[in-house]
Amino acid sequence: MAALEAAEAALERRQEQQEEEENHHRDHESGDEPAALNGLVVSEKAKSNNIDVEIPKSELEAEEKGAEEECPRESDSNILDVSSDYPRDKHISIQRHLADLEKLADLREDERKPCPLCPEEKFKACYSHKLHRHLQNLHWKVSVEFEGYRMCICHLSCRPVKPNLVGDQTLSKMGAHYHCIICSATIVRRTDMIGHINRHVNKGETESRFITVRAPKSSYKVVKESATDVQVLPNSSTPQKTDSYFNPKMKLNRQLIFCALAVLAGERKPIECLDAFGATGIMGLQWAKHLRNSVKVTINDCNENSVTMIKENCHLNKMKVKLNIREEDNEETVGNGEENSDTIEVTKMDANVVMHLRSFDFIHLDPFGTSVNYLDSAFRNVRNLGIVSLTSTDISSLYAKAQHVALRHYGCNIVRTEYYKELAARTVIAAVTRAATRCNKGIEVLLAVALEHFVLVVVRVLRGPTPADDSAKKVRYLIHCQWCEERVFQKEGNMMEENPYQQLPCDCHGSMPGKTAVLLGPLWSGALFNTGFLRRMLLEAVQYGLDEAQPLLKTLVCEAECTTLKHPSTHSPGDENKQEECGVYIRTPNTSAESYLVHGKRKSEEVLRGAAKRQRAEHSAEHPPFYYNIHRHSIKGMNMPKLNKFLYYLSEDGYRVSRTHFDPMGVRTNAPLAQFKTVLMKYSTPTYVGAQAEGPVHFPGEIQVGGEVPAATVIKVEEAELMEDDKSGVAAAYPTH
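Values in this document were obtained by computation on a predicted structure and should not be read as measured data.

**A look at the overall build of the chain**
Line of reasoning, step 1. Broken down by element type, the chain carries 22 helices and 29 strands.
Line of reasoning, step 2. When burial is assessed residue by residue, the chain has 47% of its 737 residues classed as buried.
Line of reasoning, step 3. Total accessible area on the chain stands at roughly 38,200 Å², and carbon and sulfur atoms take up 49% of it.

**A look at the packing of helix α16 (residues 531-543) against helix α17 (residues 549-561)**
Line of reasoning, step 1. Where α16 meets α17, the closest approach of the two axes is 9 Å, and the angle between their N-to-C directions is 165 degrees. In this view, α16 runs roughly antiparallel relative to α17, as classed from their interaxial angle. The interaxial crossing formed by α16 with α17 has left-handed handedness. Side by side, α16 and α17 meet where Thr 531, Leu 534, Arg 535, Met 537, Leu 538, Ala 541 and Val 542 of the first sit next to Gln 550, Leu 553, Lys 554, Leu 556, Val 557, Ala 560 and Glu 561 of the second.
Line of reasoning, step 2. Residues of the contact of α16 with α17, tallied by class, amount to 9 nonpolar, 2 polar and 3 charged.

**Notes on the nonpolar core**
One recurring pattern in soluble globular proteins is that nonpolar side chains are buried together.
Line of reasoning, step 1. Among the nonpolar cores identified, the biggest contains 108 residues, and Phe 379 and Met 537 are the most heavily contacted of them.
Line of reasoning, step 2. In terms of residue count, helix α6 (residues 251-267) provides more of this core than any other element does, 11 residues in total.
Line of reasoning, step 3. Residues in contact with Phe 379, not counting those within four places in the same chain, are Val 388, Val 432, Ala 435, Ala 436, Cys 439, Lys 441, Ile 443, Val 459 and Val 461.
Line of reasoning, step 4. Core analysis: the second largest hydrophobic core is formed by 23 residues, Ile 630, Phe 646, Leu 647 and Leu 680 among them.

**Concerning the pairing of strand β16 (residues 360-365)**
Line of reasoning, step 1. Taking burial as the measure, the 6 residues of β16 include 6 buried ones, the bulk of the element.
Line of reasoning, step 2. By the bridge criterion, 3 bridges tie strand β12 (residues 271-275) to β16 in an arrangement that is parallel. Bridging from a neighbouring strand, Cys 273 pairs with Phe 362 of β16.
Line of reasoning, step 3. The sheet contact formed by β16 and strand β17 (residues 382-392) spans 5 bridges and is parallel. If you follow His 364 over to β17, its bridge partner there is Ser 389.
Line of reasoning, step 4. A crossover links β16 with its parallel partner β17, the connecting element being helix α10 (residues 375-381), and its sense is right-handed.

**Regarding helix α20 (residues 643-652)**
Line of reasoning, step 1. Every buried residue belonging to α20 is among Leu 643, Phe 646, Leu 647, Tyr 648, Tyr 649 and Leu 650, and all of these are buried.
Line of reasoning, step 2. Within two residues after α20, Gly 654 carries a phi angle of roughly 95 degrees, on the positive side.

**Some thoughts on the pairing of strand β13 (residues 295-300)**
Line of reasoning, step 1. Most of β13 is tucked away: 5 of the 6 residues are buried.
Line of reasoning, step 2. Relative to β13, β12 is paired through 5 bridges, and the arrangement is parallel. Residue pairing across strands places Glu 272 opposite Lys 296, the latter belonging to β13.
Line of reasoning, step 3. The sheet contact formed by β13 and strand β15 (residues 343-347) spans 4 bridges and is parallel. The partner of Val 297 across the bridge, within β15, is Ile 344.

**Overview of the sheet that holds strand β25 (residues 628-629)**
Line of reasoning, step 1. Taken together, 3 strands build an open sheet; the order of strands is β25-β28-β27 and the sheet is antiparallel. Of all the strands in the sheet, the pair left with one neighbour each is β25 and β27 (657-659).

**Quick word on the sheet that holds strand β21 (residues 487-489)**
Strand-to-strand pairing in sheets goes through backbone hydrogen bonds, with the strands running parallel or antiparallel.
Line of reasoning, step 1. Strands sit in the order β21-β20-β22 across an open sheet of 3 strands; the sheet is antiparallel. With one partner strand each, in any of the chains shown, β21 and β22 (517-524) form the two edges of the open sheet. When the angles between neighbouring strand axes are averaged without regard to direction, this sheet yields 25 degrees.
Line of reasoning, step 2. Of the strands in this sheet, β20 (475-481), β21 and β22 touch helix α13 (residues 420-438), which is tilted by about 50 degrees from β22.

**Structural notes on the pattern of salt bridges**
Line of reasoning, step 1. One pass over the full model with this rule turns up 17 salt bridges.
Line of reasoning, step 2. In this structure, Glu 267 and Arg 536 form a salt bridge, with 3.2 Å as the shortest nitrogen-oxygen distance. Within this pair, whereas Glu 267 is found in helix α6, its partner Arg 536 is found in helix α16, the two being separated by 269 residues in sequence.
Line of reasoning, step 3. Take Glu 267: its relative accessible area is 4%, and that puts it in the buried class.
Line of reasoning, step 4. Of the charged contacts in the structure, one is a salt bridge between Arg 668 and Glu 559, with a shortest N-O distance of 2.7 Å. Of this pair, Arg 668 sits in strand β28 (residues 666-669) while Glu 559 sits in helix α17, and the two are 109 residues apart along the sequence.
Line of reasoning, step 5. Of the residues examined, Arg 668 reaches a relative accessible area of 0% and is grouped as buried.

**Some thoughts on the side chain of Lys 441**
Line of reasoning, step 1. Relative to the assigned elements, Lys 441 resides in strand β18 (residues 441-450).
Line of reasoning, step 2. Take Lys 441: its relative accessible area is 7%, and that puts it in the buried class.
Line of reasoning, step 3. In this structure the side chain of Lys 441 is engaged in a polar contact, spanning 3.1 Å, whose partner is the backbone oxygen of Val 382.
Line of reasoning, step 4. Among residues more than four places away in sequence, those in contact with Lys 441 are Phe 379, Arg 380, Asn 381, Val 382, Ala 436, Val 461, Leu 462, Arg 463, Gly 464 and Ala 468.

**Structural notes on unusual backbone geometry**
Line of reasoning, step 1. The omega torsion of the bond from Lys 269 to Pro 270 falls at -20 degrees, within 30 degrees of zero and hence cis.
Line of reasoning, step 2. Along the chain, Pro 270 falls in the loop between α6 and β12.
Line of reasoning, step 3. Residue Pro 522 follows Gly 521 across a cis peptide bond; omega there is 10 degrees.
Line of reasoning, step 4. On the secondary structure map, Pro 522 appears in strand β22.
Line of reasoning, step 5. At Leu 385, a position not held by glycine, the phi torsion is positive, near 65 degrees.

**A short note on the packing of aromatic side chains**
Line of reasoning, step 1. Scanning the entire structure with this criterion turns up 11 aromatic pairs.
Line of reasoning, step 2. When the ring of Tyr 627 is compared with that of Phe 662, the centres are 6.0 Å apart and the planes differ by 5 degrees; the resulting orientation is stacked. Of this pair, Tyr 627 sits in the loop between α19 (602-615) and β25 while Phe 662 sits in the loop between β27 and β28, and the two are 35 residues apart along the sequence.
Line of reasoning, step 3. The side chain of Arg 416 reaches across the aromatic face of Tyr 420, ending 3.8 Å from its centre.
Line of reasoning, step 4. Directly above the aromatic system of Phe 626 lies the positively charged group of Arg 426, at a separation of 5.1 Å from the ring centroid.

What counts, and where the lines are drawn
- Residues numbered from 1 in each chain as written.
- Predicted model: local features only at pLDDT ≥ 70, side-chain atom pairs only at ≥ 80, totals over all residues.
- Heavy atoms only, no water.
- Helix = DSSP H or I, 4+ residues; strand = E, 2+ residues; numbered from the N terminus.
- Buried < 20%, exposed > 50% of the residue type's maximum accessible area, 1.4 Å probe, protein only.
- Areas by Shrake-Rupley, 256 points an atom, 1.4 Å probe, with all protein chains shown as cover.
- Axes fitted to C-alpha atoms, helices over the stretch in contact; angles between N-to-C directions.
- Parallel < 35°, antiparallel > 145°, perpendicular 65-115°, else oblique.
- Left-handed = near helix turned anticlockwise from the far one by under 90°.
- Contact = heavy atoms within 4.5 Å.
- Nonpolar A, V, L, I, M, F, W, Y, C, P; charged D, E, K, R; others polar.
- Core = buried A, V, L, I, M, F, W, Y, C linked by side-chain atoms within 4.5 Å.
- Pairing = 2+ DSSP bridges.
- Right-handed = clockwise from strand over helix to strand, strands pointing away.
- Salt bridge = Lys/Arg side-chain N within 4 Å of Asp/Glu carboxyl O.
- Polar contact = N/O pair within 3.5 Å; in protein donor to acceptor, adjacent residues only side chain to side chain.
- Phe/Tyr/Trp six-rings, centres within 6.5 Å; stacked < 30°, edge-to-face > 60°.
- Lys NZ or Arg CZ within 6 Å of the ring centre and 35° of its normal.

What follows is the structure, given as structure tokens:
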């Protein structure tokens, strides 16, 4: 208010001076037009910034005519930029040179000149040399530079009027701030202003205010993956700074999803598949380019810039683009005269909306973060025996770094354990199961992968109350011992036990004071892999040359069967062409075309289910839940055996063992933890005998387990000789239990 009163007082003084000058000119000159001071008059625009600015009269008249037609702008959009090549709609604090700020102050004829960016109560009018130091050290030194312009710090009251506690309308005292050169936003911190400008640049908004201008195509870069070309924006791997997100580290994830879709495409043709979060559209383009007529691809994204980029990437790969269902006649055919029947439908909707409107055979969800907000829509219209795959990238909550977020999103209580990655996979599957059962559908887990950057879950959907009930029964709580990390799923039933610690195989509760176990979950307690489906995925990976996915799929097959790579299970040729999933026998592409499943025909599904119940044979036992880390349970002062040797020793004792992709030093086995530690101690050597061979061969009866191993009794045996002795029946040299 003080600034406005001072401005009005200055204006009145200027008007009085003008009247005196007019009277003086009337006495000495003739003419009807009133004289002005050097042809300049005071503009009303300068009131808000407390500056007496002299503007030519012709401009003032044009300004008054424009004011009659439109309302005056607010104070934050009043621009007094004296540079001729800069648009007038920028704030006064945005200038090219320091001299431009000084010129704003020089417009006043007084010897003492005010700062154009500070109110009078903050910085009083002073001489030119002091004002120069003030502008240079306070405003210009901490400015933010962008394309030759400087966004100087501003101390004017540029925010809207706020009511105080008493109720009076006073200007808000917000202190120093910056004005954005692009969108005129007001930002307080300099670091926030730099980040704000960078976000505009990454989105291509660099030219005009409130208008989004896409970056020129010269700034795009073309990325090639699996014979598919896509163009991406700068900083495309940072989702907070770009609309079209592309992460090259997720290549393995895309290959696994492609293999799963290829297996489903071999069961029935054609299938309708949806990439609900297209971004650049690379995943849907790979589906359409390699599987061709076997799939009908729909790529969806709710961002307009992403949809535009998806269309351009379709043109880049010579694909037809169908904008939506109602515009079938407006298809855009691209290509240099080549005939290409591949058509991709591109939609701009919310993912929940597109999944509610249409039915699909294959749905992939890959949002930024958790996907629980889209599970109900995904299972609502997915067809029977279809597949839903989802990628969760909120690993901070799933890996128990933010446990409160996991409880909020997944309704699951988890802690950091040695098997935290498998715990994350079972947490996601439990959320998927609850969403499917709400839609009266059950699931069969085909694949669950948890790596450094993501958790991938692929499930097959079964329609009906019976599969839904069976799936719901597999969601249980887990009892976890915090001392030894032994774990066991809680028994089925609603009756409470007097001592839940009795379910744990360990005796930590009896030997340790206080409470030693926690209840985790609810978690998925069923199998994480389907061996037949994984084998068919491996065949598809070999067929399409997906080199990165092949080693992981081999590990998953061995993990599903709980065998080592050196001892894979043998299958007859007939078993390779038949796979039991969800109680239904599904044949591979080697069968005739009549054997494909046709969705929508309930009679054929009932026949298949009835045949499956009659032909249900003994299926291989599920793999053991969870795994043990060999380093976590190592003995202090002892050298552990090599992991592959330890797996061999454990299997010789009659237990099922395999390595796991969750942990490179993890062992998946059905052996209890006590037996695991016994075998580990048995074949470990003391540290001072570290030069000797690992897993020494002892003569039976000479040395007890866990006792000291004299150097004279240790026999160095090469691994090849050891395997020969085992094959020839000389394995009796090892002590047995």
